[in-house]
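# Observations on the three-dimensional arrangement
The residues making up each chain are set out below.
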Amino acid sequence: IRGEHLFKGNLLHVDMLDNEDEQDFNNMKLKKEDIIVSAYPKSGTTWTEEIVWLINNNGDIEAAKKTPLYMRFPFIEVKQAFSAIRTMPSPRFIKTHLDYPAFSAMYDSNQTDRPKVIYVVRNPKDVAVSFYNFYKMNKNLGSFTGPFSEFLSMFMEGYVVLGDYFKNVLGWYEASIKDDHILLVKYEDLKTSPLEQIKQIAGFLEKDLGDDVLTAICDHVSFANMKANPMVNYEGFPIMDHNISPFMRKGEIGDWKNYFTTEEDAAFMKLYQEKMKDTSLTFAFE
Ligand code: A3P
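Here the structure is a predicted model, which is why all the values come from computation and not from measurement.

The rules behind these values
Residues numbered from 1 in each chain as written. Predicted model: local features only at pLDDT ≥ 70, side-chain atom pairs only at ≥ 80, totals over all residues. Heavy atoms only, no water. Pairing = 2+ DSSP bridges. Helix = DSSP H or I, 4+ residues; strand = E, 2+ residues; numbered from the N terminus. Axes fitted to C-alpha atoms, helices over the stretch in contact; angles between N-to-C directions. Salt bridge = Lys/Arg side-chain N within 4 Å of Asp/Glu carboxyl O. Buried < 20%, exposed > 50% of the residue type's maximum accessible area, 1.4 Å probe, protein only. Phe/Tyr/Trp six-rings, centres within 6.5 Å; stacked < 30°, edge-to-face > 60°. Lys NZ or Arg CZ within 6 Å of the ring centre and 35° of its normal.

### Notes on the sheet that holds strand 3 (residues 35-39)
- The 4 strands are arranged 4-3-5-6 in an open sheet whose pairing can be described as parallel. Only two strands of the sheet have a single partner each, and these edge strands are strand 4 (93-96) and strand 6 (182-186). Put simply, the sheet's adjacent strands are angled 20° from each other on average, direction ignored.
- Pairing analysis gives 5 bridges linking strand 5 (residues 116-121) to strand 6, with the strands arranged parallel. Considered in strand 6, the bridge of I118 is made with L183.

### Some points on the pattern of salt bridges
- Evaluated as defined, the whole model comprises 16 salt bridges.
- In this structure, the salt-bridge partner of R92 is D34, at a minimum N-O distance of 2.8 Å. You can see R92 sitting in the loop between helix 5 (79-86) and strand 4 and its partner D34 sitting in the loop between helix 1 (22-27) and strand 3, a full 58 residues away along the chain. Take R92 and D34: they sit in the same class, and that class is buried.
- In the salt-bridge network here, residues are joined through shared partners; they are D18, D21 and K79.

### What to know about the packing of aromatic side chains
- Scanning the entire structure with this criterion turns up 38 aromatic pairs.
- With a centroid separation of 5.3 Å and 55° between ring planes, the pair formed by F73 and F93 is classed as tilted. Remark: F93 occurs in strand 4 and F73 occurs in the loop between helix 4 (69-72) and helix 5; sequence separation between them is 20 residues.
- Classification of F73 as buried rests on a relative accessible area of 1%.
- Their ring planes at 75° and their centres at 5.4 Å tell us that Y272 and F285 sit as a pair that is edge-to-face. Pair noted here: Y272 is in helix 14 (residues 262-275) and F285 is in the segment after helix 14, with a separation of 13 residues, a long-range link. In terms of burial, Y272 and F285 fall into one category: buried.
- We note R72 situated over the ring of W53; from NZ or CZ to the ring centre the distance is 4.5 Å.

Following this line, the structure appears as structure tokens:
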């Protein structure tokens, strides 16, 4: 990882917030009108951001096609985006991969003044595979050239950008149980019943849009359409080499079966059972 360092306990890279920004970060209180999409990396963040942005903009697909998503929905732990967010008019759309303790430093102590957060989770085996392919195509992550087995060890140790999967997921999951300002969405549900999930998100955002608008959003965010959409597929991003692996790679449930050996799966599931023993959160792995 280029310029790797810890920021509030989260492992970040060269372009991201560091100790010098910590004071400003702690002082930047979030607003009730802010809309947050949070996720561990490779869990369907981009997909959910496009859905959330469109719902909140009444399904204005033409507007979405005019501006890259990373500008409509800045990534708060990137230095440049953090500065931009501080002066953005409401409603501010904010993307984050930070864990709950780090992110909630920006919360007001009064729960009713908190912004709405949509937290997306995806089963960790597919996340590991997606992350591995992302590590290979991303210069800031070192353009990783090792085999999957090597990446999987790093992932299981939590030694990857943004840190440990289980810490991130369980922290946000437990928070979502106690805080009705956090909606948990599962990648697998979004994949198998997108319209239903989009309706649920619209309800959470208190947007009454009508079935035709929601259906149009659903069609716009299909994997094929997002893969072909330069406003969301990170085309032209200098740190990414889509020839090695496109950002919109496969978009499926269960691709882990093409990567994990039987032994790796057994070792992973042992870790999974241990980490998940006290939670009610479950996943579909296929
Ligand atoms: P794969 O690498 O498994 O294809 P994030 O946005 O959090 O980085 O997540 C990226 C992952 O979400 C990639 O997974 C990407 O293909 C997948 N994805 C993005 N848009 C999608 C969509 N519309 N439908 C299904 N998967 C999608």
